[in-house]
Amino acid sequence: MYRKVQAGLGALLVGVLAAQGFRRFRQKGPGQMKMMKVQGKSSLSVMGRNTAAAVCALALFGGVPAARAADPLQPDPELEAVTLSAPKPSWIFVERGFVMPGNAIYDTDTGKMLGLIEASELSDMEIDPAGKAYYISESIWTKGWRGTRQDMITVYDAATLKLKTEIAIPGRILIDSRKFNFILSDQGKTAYVYNLDPASSVNMVDLAKGKFIKKIELPGCASMMAVTGIGFSALCSDGSLATVKTAGAKPEITRSAPFFSATNDPIFDNFGYDRAKQQVVFLTYTGQVYTAKLGATPTVAEPFSIQAAAGVPAGETKPLVVNWYPGSRQGNAYHVASGHLFVLMHMGEYWSHKASGTEIWDLDVAAKKVVKRIPLEEPADRIAVTQEANAKIVVTNDAGTLVILDANTGEQKSSIKRAGSGLIRTVEP
Amino acid sequence: MYRKVQAGLGALLVGVLAAQGFRRFRQKGPGQMKMMKVQGKSSLSVMGRNTAAAVCALALFGGVPAARAADPLQPDPELEAVTLSAPKPSWIFVERGFVMPGNAIYDTDTGKMLGLIEASELSDMEIDPAGKAYYISESIWTKGWRGTRQDMITVYDAATLKLKTEIAIPGRILIDSRKFNFILSDQGKTAYVYNLDPASSVNMVDLAKGKFIKKIELPGCASMMAVTGIGFSALCSDGSLATVKTAGAKPEITRSAPFFSATNDPIFDNFGYDRAKQQVVFLTYTGQVYTAKLGATPTVAEPFSIQAAAGVPAGETKPLVVNWYPGSRQGNAYHVASGHLFVLMHMGEYWSHKASGTEIWDLDVAAKKVVKRIPLEEPADRIAVTQEANAKIVVTNDAGTLVILDANTGEQKSSIKRAGSGLIRTVEP
Amino acid sequence: MKTFNPDAMGEKLLRRFAGGTSRRGILSRLGLALVAAPAFPLLPVSRASAAKPDRSPEAKTAFARSAQTTDDTKCTYWRYCAIDGSLCACCGGAVNRCPPGAEHSPVSWVGTCINPGDGRAYLIAYRDCCGKSYCNKCDCDGTDRETQLYVPQLNNDVIWCFGTTSMEYHCSTAVLVGTA
Amino acid sequence: MKTFNPDAMGEKLLRRFAGGTSRRGILSRLGLALVAAPAFPLLPVSRASAAKPDRSPEAKTAFARSAQTTDDTKCTYWRYCAIDGSLCACCGGAVNRCPPGAEHSPVSWVGTCINPGDGRAYLIAYRDCCGKSYCNKCDCDGTDRETQLYVPQLNNDVIWCFGTTSMEYHCSTAVLVGTA
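Small disclaimer: the values here were computed from a predicted structure and weren't measured. (Residues numbered from 1 in each chain as written. Chains lettered and ligands numbered in written order. Predicted model: local features only at pLDDT ≥ 70, side-chain atom pairs only at ≥ 80, totals over all residues. Heavy atoms only, no water.)

Draft legend 1. Broad picture of the overall build of chain C. Across its full length, chain C carries 4 helices and 8 strands. Walking chain C from its N terminus toward its C terminus, one meets helices and strands in the order α-α-α-α-β-β-β-β-β-β-β-β. Burial statistics for chain C: of 180 residues in total, 66% are counted as buried. Excluding contacts between residues fewer than 6 apart, the proportion of contacts in chain C whose partners are at least 24 apart in sequence is 69%. (Helix = DSSP H or I, 4+ residues; strand = E, 2+ residues; numbered from the N terminus. Buried < 20%, exposed > 50% of the residue type's maximum accessible area, 1.4 Å probe, protein only. Contact = heavy atoms within 4.5 Å.)

Okay, here's the thing in structure tokens:
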């Protein structure tokens, strides 16, 4: 019955040398002293650590193997967790998906993952413009899918990705992957969190003081854009742009004249936003492009057709007409410095606004001209563009494969498997 | 600018008819009265519901379309959620996987999903032998991945799958998909929950009274099997079987003589268990099959080789020998009534014990004979067998595809995509 | 979790918020908020034309032209023209009924779908079944007349689990409300 | 959540449990529990033979024969002979270092891997990085000398996040401890 035990060797060695290794590991030169400064507030004392090491040292036979002539590899030093620089324009933040949340950080220069900013399902992220923090607007139940709901803005340190604080808020919308349900304003001092319960409102938060300020009822509107010195604007179901002055005790809401049809040719609630110029670029299901100048009284320019800007027939709402249409889940990305809008386009009929894009159209908005059409090897569901001078386009598909393209040449630079299938965010000016 | 709004028609109808539809739905005949008895404790009053209906009826123009001649389809009645019978031997319970927990119930007769028993990541499930409840042994943090840890046995009603109660416990092991870390005893009145923190212990729970009884230290052993009238046995790192008498104030632990090598030729911690006969069937990495009779003093029979039982060379621990080996994540399943062990086998070298199985070997344990070898179209990572007279074998792969085979003929009966990749459980006698 | 000081503070605040907004309160506020919103009134559509929608094949969407009435576990089933998510019919429920343990949301987003059997358009309420984790079976995404978040009742991405014990999304039903 | 009566009751009990077992307490109990366990002493292996393991190609596992020393983001990297999970080297960390925000577990499971460069066997501690959700990149599962749950320190399925602020598993490192 014991015929196989003679070979227990490997396992025995493990026991013996674990003890030896850990001991050496602990007593050696100055490099090892780092151990005491391990990242975070570890609750283990030195004694605790020594005891812990004993877990790997169950069988203390005391035997030490004979020394060998050539130098073996040295044991690794104890290393603190990697820390990060302030977010760079080459970085992208990819929501990994519905059942596997969290925002993976990738550097588009190297194609490497840099870290993960924790987040719950259906959460939203924003980047501190000072580069010191990441903010997650999220909803967590005390027992997974059940228990007490807790809505909060969770603040992570940008260097260590450690939790800094939580700011409780009285609610937020539950929807996946939208860019404009959680926005920052006033150089990152104020946050606005969209809520639907199912009445529509906005929670205003003072990030500097770390507290909720007030709730603003916002009937019939959603998808916010910060308006400097005023508050925010939002798209409304009557086809108007609402502008909310948030400073006073009672928020003032004014509405523009309706300029689009919210049910017949809706504006995608993902759009281009230029904070410095206070300009937005809207795209509709048919492909109409509106630019608007934000302010106390926003002004909306006459729209033009992206298809016409590419020399093909303009999109229509009529059934049975097959044409190029904009679409997908995150279907357009705006490069602020150049004023170019990158749009995922596909061939289809109207009401195919969630279909994956087979081409990227590079639209010079001011010139009203599609200057480039980039065919994609695989259809894409999301698009983003880095705000670098030499911008990179990033697209993902539902399987989570991410492709990085040179925005100037359309050439593919690299790709990352299992990068994530949710919203892609970039560092924006 | 308004040239596209004339076609707002479709959306308008939605608004108008939502109101009309909901009104009709609410005022019609006796079938509709069920509404008031909607499943669960809805906190909405009738008034609340009417108000809620108004959400779908934003634009109350009052227009009603002209009546049509032929009878249109009738509105659906309000239906309560489906309820289930007591668990049947044809049902299987499939953990969906690491990041998407929950136990999906499938009927192997129909290949249909019957429901989902909620569960957290790294949880374990057991079935009330009376068929009235499902038990989940789980660990939940108050804030997703952070906050306060809460360990509990969560009790779900077997008919409604609604949460009945929670029984707090002082800890449990975190590991994925093991069958013998949470077991029931005494006709389902007692539960044992394995814990590793990293000391090894067992938490004993009175399910009838819904409370934790005591913690039993169990150094060096794991993977429990209920021993009727005694307590439980467990496999130990010294190659013995420990038996724990749990009744007294101080639990008594006795150990058998060591009979296997825990590090050289380990017994898979998934094994066959016959509650009525108090017999277990163990399988080692090399393919040795041990049967043991449980009791105050368990007896272990001389092992035999499953490979030899199939007429091929016995498995060895030596490197470089390519042979058939048992393996995969849940690599064997025992049909209690017939005493057959179904084993996932693959060609490989030793230490390939997690490799996917390419064949199922049907071993008649008493006869020490492999009576059938079933080649698989796709390699499988888990295997289970229903305890029906006409048993069905169920295998899954890492992609979550589930295949149902006739255990007598080896013929494939059906398959289910995205069924789950975690542990498969069956209703056991 | 002593190192997480914010937790204790946050929990207290959250409990206050949670206590202050009952579910009934939330829903009855709708009368003041959403319904008061000028949703479509500014669209210059004549009411007369609303009574005569064009349901000829030439007016149908791609979804409507290929829809079927026999298998409600397929995305092509006619009622699913604007559904998004897992079909409850594949999760132990039915086209209009929740799987065991799930709770039907009393409110929902809506769609207008054409039944290929009688050529009529029907109003469909896509009522989510809530209180269980994502079913992840038969995921469909119909987009006929589906619009954006500022018209939430016509948007199929919103988690429509309001007034239910838990807001966790499990699957979606397609309840026939009436002719459209 | 008023309808969930068990919640309130359960939370109180759980808090008691949580309060009663400090992390330091857990780890110092190890001396009494695990180390006292008769782990290997009953195996009749001579100590002399332990000093001369056979590291000839003929004695190597399939993993060892194809292992490489150049790319620690691949499952074939020599140190990964018994790793299980996501490689921290693919998650913003390194072969022996946690990604930002993750915490290195002070205890771990171990493996003995052969370095193809010098032919030596080394003891590798597979220290999990904890306190972040599953990284899900470069998933590997080395099984050289990996055994079952009743020898937990040689089992690679256990979540080895003890003594860390959060037990959530993020990824695994392979720390070189010394020669074996």
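From this point, the discussion proceeds with the structure in view.
Draft legend 2. Examining the overall build of chain A more closely. Each helix and strand counted, chain A has 2 helices and 30 strands in total. Residues classed as buried in chain A amount to 65% of the 429 residues present. Pairs at least 24 residues apart make up 46% of the contacts formed inside chain A by residues separated by at least 6 positions. Total accessible area on chain A stands at roughly 15100 Å², and carbon and sulfur atoms take up 56% of it. (Areas by Shrake-Rupley, 256 points an atom, 1.4 Å probe, with all protein chains shown as cover.)

Draft legend 3. Summary view of the pairing of strand β15 (residues 252-255) of chain A. Residue and element names in this part refer to chain A. Pairing analysis gives 4 bridges linking strand β14 (residues 241-245) to β15, with the strands arranged antiparallel. Within β15, the position partnered with Val-244 by the bridge is Ile-253. Hairpin connection from β14 to β15: 6 residues lie between these consecutive antiparallel strands. (Pairing = 2+ DSSP bridges.)

Draft legend 4. Quick peek at the sheet that holds strand β26 (residues 382-385) of chain B. All names here are of chain B. With antiparallel pairing, the 4 strands of this open sheet are ordered in space as β26-β27-β28-β29. The open sheet is flanked by β26 and β29 (412-416), the only strands paired with a single partner. Mean inter-strand twist for the sheet, computed between neighbouring axes without regard to direction, equals 20°. In this sheet, strand β27 (residues 392-396) lies alongside β26 in antiparallel orientation, the contact comprising 4 bridges. Bridge pairing links Ala-384 to Val-394 in β27. (Axes fitted to C-alpha atoms, helices over the stretch in contact; angles between N-to-C directions.)

Draft legend 5. Highlighting the sheet that holds strand β26 (residues 382-385) of chain A. Residues and elements named next belong to chain A. Strands sit in the order β26-β27-β28-β29 across an open sheet of 4 strands; the sheet is antiparallel. On the outer flanks of this sheet lie β26 and β29 (412-416), each paired with one strand and no other. The sheet shows a mean angle of 20° between the axes of neighbouring strands, direction not considered.

Draft legend 6. Broad picture of the state of the cysteines. A complete count under the given rule lists 16 disulfides over all chains for this structure. Covalent S-S linkage joins Cys-221 of chain B and Cys-236 of chain B, the inter-sulfur distance amounting to 2.0 Å. Taking the sign of the S-S torsion, 95° for the link of Cys-221 of chain B and Cys-236 of chain B, the bridge is right-handed. Within this pair, whereas Cys-221 of chain B is found in strand β12 (residues 221-227), its partner Cys-236 of chain B is found in strand β13 (residues 231-236), the two being separated by 15 residues in sequence. This pair shows no difference in class: Cys-221 of chain B is buried, exactly as Cys-236 of chain B is. In this model Cys-98 of chain C forms its disulfide with Cys-129 of chain C; the gap between the sulfur atoms is 2.0 Å. Here Cys-98 of chain C and Cys-129 of chain C share a disulfide; its torsion about the S-S bond, -90°, makes the bridge left-handed. (Disulfide = S-S within 2.5 Å.)

Draft legend 7. Highlighting the side chain of Thr-243 of chain B. All names here are of chain B. Relative to the helices and strands, Thr-243 resides in strand β14 (residues 241-245). By relative accessible area, which is 2% here, Thr-243 ends up buried. Residue contacts for Thr-243: discarding those within four places in its chain leaves Ile-230, Phe-232, Ser-233, Glu-252, Ile-253, Thr-254, Gly-295, Ala-296 and Pro-298.

Draft legend 8. Representation of the pattern of salt bridges within the structure. Taken as a whole, this structure holds 61 salt bridges over all chains when the rule is applied. Between Arg-329 of chain A and Asp-141 of chain C there is a salt bridge, with its nearest N and O atoms 2.3 Å apart. With Arg-329 of chain A in the loop between β21 (323-326) and β22 (332-335) and Asp-141 of chain C in strand β6 (residues 139-141), the pair connects residues from two separate chains. Residue Asp-141 of chain C is classed as partly exposed on the basis of its relative accessible area, which comes to 31%. Lys-372 of chain A is paired through a salt bridge with Asp-362 of chain A; the nearest N and O atoms lie 2.9 Å apart. With Lys-372 of chain A in strand β25 (residues 369-380) and Asp-362 of chain A in strand β24 (residues 357-364), this pair connects stretches of sequence that are 10 residues apart. When sorted by exposure, Lys-372 of chain A lands in the same class as Asp-362 of chain A, which is buried. Salt bridges sharing common partners tie together Arg-178, Asp-269, Arg-329 and Lys-354 of chain A together with Asp-84, Asp-141, Glu-146 and Asp-157 of chain C. (Salt bridge = Lys/Arg side-chain N within 4 Å of Asp/Glu carboxyl O.)

Draft legend 9. Representation of unusual backbone geometry in the model. A cis amide bond, omega -10°, links Asp-197 of chain A with the succeeding residue Pro-198 of chain A. Examined against the element boundaries, Pro-198 of chain A turns out to sit in the loop between β9 (190-196) and β10 (200-206). Phi at Asn-136 of chain D is positive, roughly 65°, even though this residue is not glycine. Here Asn-136 of chain D is to be found in the loop between β5 (128-130) and β6 (139-141).

Draft legend 10. The packing of aromatic side chains, seen in detail. Considering all chains together, one arrives at 40 aromatic pairs over all chains under this definition. Each residue in the set Phe-180, Phe-259, Phe-260, Phe-271, Phe-282 and Tyr-290 of chain A together with Tyr-150 of chain C is aromatic and connected to the rest through ring pairs, giving one cluster. (Phe/Tyr/Trp six-rings, centres within 6.5 Å; stacked < 30°, edge-to-face > 60°.)

Draft legend 11. Inspection of the confidence of the model for chain C at higher detail. All names here are of chain C. Across chain C, the average pLDDT comes to 75, with 68% of residues at 70 or higher. Here residues 1-52 is a poorly scored stretch, pLDDT under 50, and it has 100 contacts once near neighbours within four places are set aside; other chains count. Across the whole predicted complex the pTM is 0.83, and at the interface the ipTM reaches 0.82. (pLDDT = per-residue confidence, 0-100.)

Draft legend 12. Just the side chain of His-335 of chain A, in detail. All names here are of chain A. Tracing the sequence through the fold places His-335 in strand β22. Assessed through its relative accessible area of 5%, His-335 is described here as buried. For His-335, the side chain forms a polar contact with the side chain of Ser-338, separated by 2.7 Å. Among residues more than four places away in sequence, those in contact with His-335 are His-340, Phe-342, Val-385, Thr-386, Gln-387, Glu-388, Ala-389 and Ala-391. (Polar contact = N/O pair within 3.5 Å; in protein donor to acceptor, adjacent residues only side chain to side chain.)

Draft legend 13. Representation of the pairing of β25 of chain A in the model. Residue and element names in this part refer to chain A. Bridge count between β24 and β25: 7 bridges; the pairing is antiparallel. Looking at the pairing, Asp-364 lines up with Lys-369 of β25. Between β24 and the antiparallel strand that follows it, β25, lie 4 residues; Lys-368 among them carries a positive phi value of about 50°.

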